[in-house]
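Structure assessment
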Amino acid sequence: MFVRFGMFYELQLPRPWAVDSEQRLVDEAIEQCVLGDEIGLDYAWSVEHHFLEEYSHCSASEVFLSAIAAKTENINVGFGIRQIISNYNHPARTAEAVGMLDLISHGRVQLGFGEGATRLELAGFGIKAKRKRAMAMEAAREVADMMVMEPYPGYECEDWSLPCRNILPKPIQKPHPPMWMACTNRDTIRVAAENGLGALAFSFVNPEEAMTWSQIYYDTIKSDACVPLGHCVNANLAMVTAFSIHPDRQEAVDRGLSGNKFFQYAIGALVAEDFVPGRSSLWERFAKREEARLRGEKVTDVAYGGKPIEKPKTNQNRAPGIGTPKDFLEHMQKLADAGIDQVIFNQQGGRNKHEHICESLELFSSEVFDHFAEGRDEREARKAEELAPFIEAALARRDTRRPMEDDEIPVVVASRPQK
């Protein structure tokens, strides 16, 4: 049974914008994370995206997460994800940012990484789509070594290079903070497990499919195919869910459904449709599509490969995760039974209101949280004991770079004035 809960931020901001729209967006998100910490949520995840107007205004997640870390005491602050390819962030800068944030948070950092999916980002930074997976995995492996080795012996590849240097500061968590990989399907779930990484599943799937993903993930973790990318194994599967709860089901739908739909629509549109920088119209197009759907017209959903979507059969049409506290508890229980370790609330989407998000969090705290928090330490201890021999065997398969001897460390020669 999963025992952890998180919250997730793209920092979405549909047009039209006021002068202070971004300021209010950031202030309110930080306030929500402070509330999440107070009620006992375990993770606050933040993306890193670039140029994705309306969909994500969070391009400097290390800054956003630092503000959260400074205002909270217990909640883990997670890169969900850090764009780890060198064109976005040189690996040394990622290792430095993670180390510093781990110090600021007193050891609460989680490093999720990804590779980007939209042409706006990939082409903007000159990344070839066919190479992005290999570039991301290579960079992530080196970041892990940078956080551990003293000094880091250096590396040179097609995309970046670094001579021997000691990367500072080192993180508090040893050997390094838990590492996660963004996942969207069964293939990437398997890749995460093969590399001993936690799986951040940013897809909305039903409990049956979640169970399949969990089985794939843990079967792979326990197999000889698991060769850790980092210096430890983070055997955890997290999955995102819609989130809007209220004692009245229809009120929960009215407050949260359109934001969740916009979240899914917008990323599909950014991948599949043309885009004019500085002149985005995502919310406007989304709203027109919803109006047409409600009139009974046939419209397609770019987020699901152009498949037609139908008019709701009742006025209470809703997504799993949106409804009464009882509805939400039942949804959580199904994901728990499917073997999910962490559920992440997709609460800040579209035009969802700050006060409604906070009310949902308070209701979750008072009517749902205790049902899953009770006995979680014992369950996690049993899980760790069960996986321990498999993790030990996986780490033994890792080709770990040996530390450098003193006489192997190259001297960085000072520049001297010529005579």
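See the structure above.
Before going into details, it helps to say that this report is about the structure given with it. The shown structure was predicted, so the numbers you read here are calculated from the model rather than taken from an experiment. (Residues numbered from 1 in each chain as written. Predicted model: local features only at pLDDT ≥ 70, side-chain atom pairs only at ≥ 80, totals over all residues. Heavy atoms only, no water.)

Section: the environment of Leu-41
Within the secondary structure, Leu-41 sits in the loop between helix H1 (21-39) and strand E2 (43-46). In contact with Leu-41, not counting residues within four places along its chain, are Phe-5, Met-7, Gly-36, Ile-75, Phe-345, Leu-361 and Phe-364. (Helix = DSSP H or I, 4+ residues; strand = E, 2+ residues; numbered from the N terminus. Contact = heavy atoms within 4.5 Å.)

Quick word on the layout of surface pockets
Roughly 960 Å³ of volume is contained in the largest pocket. What lines the largest pocket is a set of 37 residues, and nearest its centre among them are Ala-117, Thr-184, Phe-202, Ser-203 and Ile-267. Contributions of two or more residues to the lining of the largest pocket are made by strand E3 (76-83), strand E4 (109-114), helix H5 (132-148), strand E7 (179-183), helix H6 (186-194) and helix H8 (249-272). Among the elements that take part in the lining of the largest pocket, H8 stands out by supplying 6 residues, more than any other. Its residues assigned to classes, the lining of the largest pocket comprises 20 nonpolar, 11 polar and 6 charged. Each pocket or cavity is described by its volume, and for the second largest pocket that value is around 750 Å³. Every residue lining the second largest pocket is counted, 34 residues in all, and those nearest its centre are Tyr-218, Ala-235, Asn-236, Asp-341 and Lys-383. For the lining of the second largest pocket, the secondary structure elements donating two or more residues are helix H7 (207-221) and helix H13 (376-397). Sort the elements by how many residues they give to the lining of the second largest pocket and H13 lands first, with 7 residues. Partitioned by chemical class, the residues of the lining of the second largest pocket number 15 nonpolar, 10 polar and 9 charged. (1 Å grid on protein atoms, 1.4 Å probe; cavity = no way out; pocket = protein on both sides within 12 Å on 5 of 7 lines; lining within 4 Å. Points joined across faces, edges and corners; volume = space filled by probe spheres on them. Nonpolar A, V, L, I, M, F, W, Y, C, P; charged D, E, K, R; others polar.)

A few points about the side chain of His-246
Structurally, the position occupied by His-246 is in the loop between strand E10 (244-245) and H8. Within the local environment of His-246, its side chain forms a polar contact with the backbone nitrogen of Asp-248, the two atoms lying 2.9 Å apart. (Polar contact = N/O pair within 3.5 Å; in protein donor to acceptor, adjacent residues only side chain to side chain.)

Quick notes on the pattern of salt bridges
Under the criterion given, the structure shown has 29 salt bridges. Between Asp-42 and Arg-4 there is a salt bridge, with the nearest N and O atoms lying 2.8 Å from each other. Of this pair, Asp-42 sits in the loop between H1 and E2 while Arg-4 is found in strand E1 (residues 4-9), placing the two residues 38 residues apart along the sequence. Each member of the pair, Asp-42 together with Arg-4, is buried. Between Asp-42 and Arg-376 there is a salt bridge; the shortest N-O distance is 3.5 Å. On the criterion of sequence distance, the pair formed by Asp-42 in the loop between H1 and E2 and Arg-376 in helix H13 is long-range, its members being 334 residues apart. Pair check on accessibility: Asp-42 and Arg-376 agree, each one buried. (Salt bridge = Lys/Arg side-chain N within 4 Å of Asp/Glu carboxyl O. Buried < 20%, exposed > 50% of the residue type's maximum accessible area, 1.4 Å probe, protein only.)

Thoughts on H1
Under the 1.5 Å per step criterion, the end-to-end length of H1 is 27 Å for 19 residues, consistent within 8% with the ideal 27 Å. Here H1 has its buried residues at Ser-21, Leu-25, Ala-29, Ile-30, Gln-32, Cys-33, Leu-35, Gly-36, Asp-37 and Ile-39. On its buried side, H1 packs onto E1, E2, helix H2 (61-71), helix H11 (354-367) and helix H12 (369-373). (Expected span 1.5 Å × (residues − 1).)

A look at the side chain of Arg-82
When you line up the elements, Arg-82 lands in strand E3. One polar contact links Arg-82 to Thr-94, side chain to side chain, over a distance of 3.0 Å. Arg-82 has contacts with Glu-48, Glu-62, Asn-89, Arg-93, Thr-94, Ala-97, Leu-111, Gly-112, Phe-113 and Gly-114, leaving out every residue within four places of it along the chain.

Looking at unusual backbone geometry
Between Arg-15 and Pro-16 the backbone carries a cis peptide bond, its omega angle lying at 5°. In this structure, the amide linkage connecting Gly-80 to the following residue, Ile-81, adopts the cis form with an omega of 20°. Its location among the elements puts Ile-81 in strand E3. Phi is positive for Leu-11, close to 60°, though the residue is something other than glycine. Examined against the element boundaries, Leu-11 turns out to sit in the loop between E1 and H1. With phi around 60°, His-106 is a residue other than glycine that occupies positive phi space. By the element assignment, His-106 lies in the loop between helix H3 (91-104) and E4. Take His-106: its relative accessible area is 66%, and that puts it in the exposed class.

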